[in-house]
Amino acid sequence: MGNFTKHPNEISTLSEKAQELIKECTSHLADGEDTIYDVHVHIGGNGRRGSGCYINPVMTSNWHPIYKVKYYTFLAGAAVTDDGTNDVEEDYKSRLVSLISTFPHYKYTVFLLALDWWHEEDGTIIKEKTGIHIPNDYVWKIHEEYPNYFLPAISVHPYRKDAITELEKWAKKGVKLVKWLPNSMNIDPSHAKCIPFYEKMIEYNMVLLSHTGKEYTVDVGQVVQELGNPQLLRTPLDLGLRVIAAHCASEGKDTDLEQPSHPTDTSFNLFLRLFEEQKYENNLFADISSMSAFMRLGRPLTTMLNRTDLHHRLVYGTDYPLPAINLVIQTQALARYEYINWEERDLLNEIYKAHPLVFGYVHARILRSPDKGTRFAESVFQRNKKLLDMYDAP
């Protein structure tokens, strides 16, 4: 789950071969660039010390052992415990700071994701249906404390009665990224209530990072899986909003809403059809976070590795803490399916034990298609030229 045997600052003590692999994977930035950006990093907390964070009580209940194991697995990946007395938020933040501050060769900056409450269509908050809540104020506070490490990604539910006011509040502070998890927040991205919200985002040159496909991580409370259907993003896309489809919808199945008979297809196929449409060339992007998780291996990852014609619209993200959970990113499975070789697996395991963020980055850099041998282009790991303003610090 979190099998770390070294402190992140001990990464320089790894074997010569591991050091060479790290250096090789971090020598690609374009002239003038000095920072690697991760667009998909989660912060955690339980609100015990007044942060405003919230986790559904089901996640720590002995009556729900599966959810409880999942909760403590996530914490283990972040090298954090929860004994009922410690400051989980501070421990989680400190661990992230130690990882970012020791990232070798280049600066490493992450977009820290807020998550709004579940809202009903009339704007009512339902805490019991919410899995995790991370306030905008909290991610902003961490950004202010460590502005070179963290960029804030706010989360504003479009059904909120004060949605436009809240959006403008953060837009005027310079925030550029908005995070949605429609399945777990009860957001239909095609709903007419969202249109004024999209228009205001466009006015402020903001970008929407929206989960696509099925959601099995924040699935406590209530989940409406069909809201992760990537076809629902046509509404903001047709308005001209820039959208990042998280995970390339690489898990699950959805109803094909655009075929008369409404057949079921993989969420990835529906995403790919959308992604291939020329009219979205300048405003539909996708991140590669969690695509190498064991439950997502296969056609989605192989296809995106092979589709070099689409790589200029992909951006790097980890979905941290998931890369730090060795039950999720399984190097044995990656080697077995020939995304990496067995020697690379050994080196990745060595890196993981010291520094899971470097592990996440290096493993994404060396993934290769099992049938064509193609890797993600270097551009995937650089600032995307059509999203440049997104990386500007507030």
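You'll find the structure just up there.
Worth saying up front: this structure is predicted, and the values here are computed from it rather than measured. (Residues numbered from 1 in each chain as written. Predicted model: local features only at pLDDT ≥ 70, side-chain atom pairs only at ≥ 80, totals over all residues. Heavy atoms only, no water.)

Student: Just to check I follow, could you spell out helix 2 (residues 65-77) for this structure?
Tutor: Turn by turn, an α-helix covers 3.6 residues, leaving residues three or four places apart pointing in a common direction. The terminal C-alpha atoms of helix 2, which comprises 13 residues, lie 18 Å apart, in line with the 18 Å expected from a rise of 1.5 Å per residue. Turning to helix 2, its buried residues number three or more, namely Lys70, Tyr71, Thr73, Phe74, Leu75 and Gly77. Residue Ala79 follows helix 2 closely and has a positive phi angle near 60°. (Helix = DSSP H or I, 4+ residues; strand = E, 2+ residues; numbered from the N terminus. Expected span 1.5 Å × (residues − 1). Buried < 20%, exposed > 50% of the residue type's maximum accessible area, 1.4 Å probe, protein only.)

Student: Teacher, can you tell me more about the pattern of salt bridges here?
Tutor: As a working rule, side chains carrying opposite charge can pair if their charged atoms are close by. Summed over the entire model, instances satisfying the criterion amount to 27 salt bridges. Of the charged contacts, one joins Asp34 and Lys107 as a salt bridge, the two residues approaching to 3.3 Å between their closest N and O atoms. Of this pair, Asp34 sits in the loop between helix 1 (16-25) and strand 1 (35-42) while Lys107 is found in strand 3 (residues 107-113), placing the two residues 73 residues apart along the sequence. Given the relative accessible area of 52%, Lys107 is considered exposed. Taking the shortest distance from any N to any O, the salt bridge between Glu276 and Arg307 comes out at 2.6 Å. Here Arg307 lies in the loop between helix 10 (299-306) and strand 12 (314-315) and Glu276 lies in the loop between helix 9 (267-275) and strand 11 (284-287), a separation of 31 residues in the sequence. (Salt bridge = Lys/Arg side-chain N within 4 Å of Asp/Glu carboxyl O.)

Student: Where do I start with the sheet that holds strand 7 (residues 207-211) in this structure?
Tutor: The 8 strands are arranged 1-3-5-6-7-8-11-12 in an open sheet whose pairing can be described as parallel. Pairing within the sheet leaves two strands with one partner each, and these edge strands are strand 1 and strand 12. The pairing of strand 3 with strand 5 (residues 150-154) spans 4 bridges and is classified as parallel. If you follow Leu112 over to strand 5, its bridge partner there is Pro152. (Pairing = 2+ DSSP bridges.)

Student: Explanation requested: the environment of Phe294 in the structure shown.
Tutor: Here Phe294 lies in the loop between strand 11 and helix 10. With relative accessibility at 42%, the residue Phe294 sits in the partly exposed group. If near-sequence neighbours (up to four positions away) are discounted, Phe294 is found in contact with Leu327, Val328 and Gln330. (Contact = heavy atoms within 4.5 Å.)

Student: Would you explain the packing of helix 12 (residues 342-354) against helix 13 (residues 356-366) in this entry?
Tutor: Any two packed helices are characterised by the angle at which their axes cross and by the distance between the axes. In contact at an axis separation of 7 Å, helix 12 and helix 13 are set at 155° when each is read in the N-to-C sense. Between helix 12 and helix 13, the interaxial angle falls into the category roughly antiparallel. In this structure, helix 12 contributes Glu344, Leu348, Ile351, Tyr352 and Ala354 to the contact, and helix 13 contributes Pro356, Val358, Phe359, Val362, His363 and Ile366. For the contact of helix 12 with helix 13, the residue count by class is 9 nonpolar, 1 polar and 1 charged. (Axes fitted to C-alpha atoms, helices over the stretch in contact; angles between N-to-C directions. Parallel < 35°, antiparallel > 145°, perpendicular 65-115°, else oblique. Nonpolar A, V, L, I, M, F, W, Y, C, P; charged D, E, K, R; others polar.)

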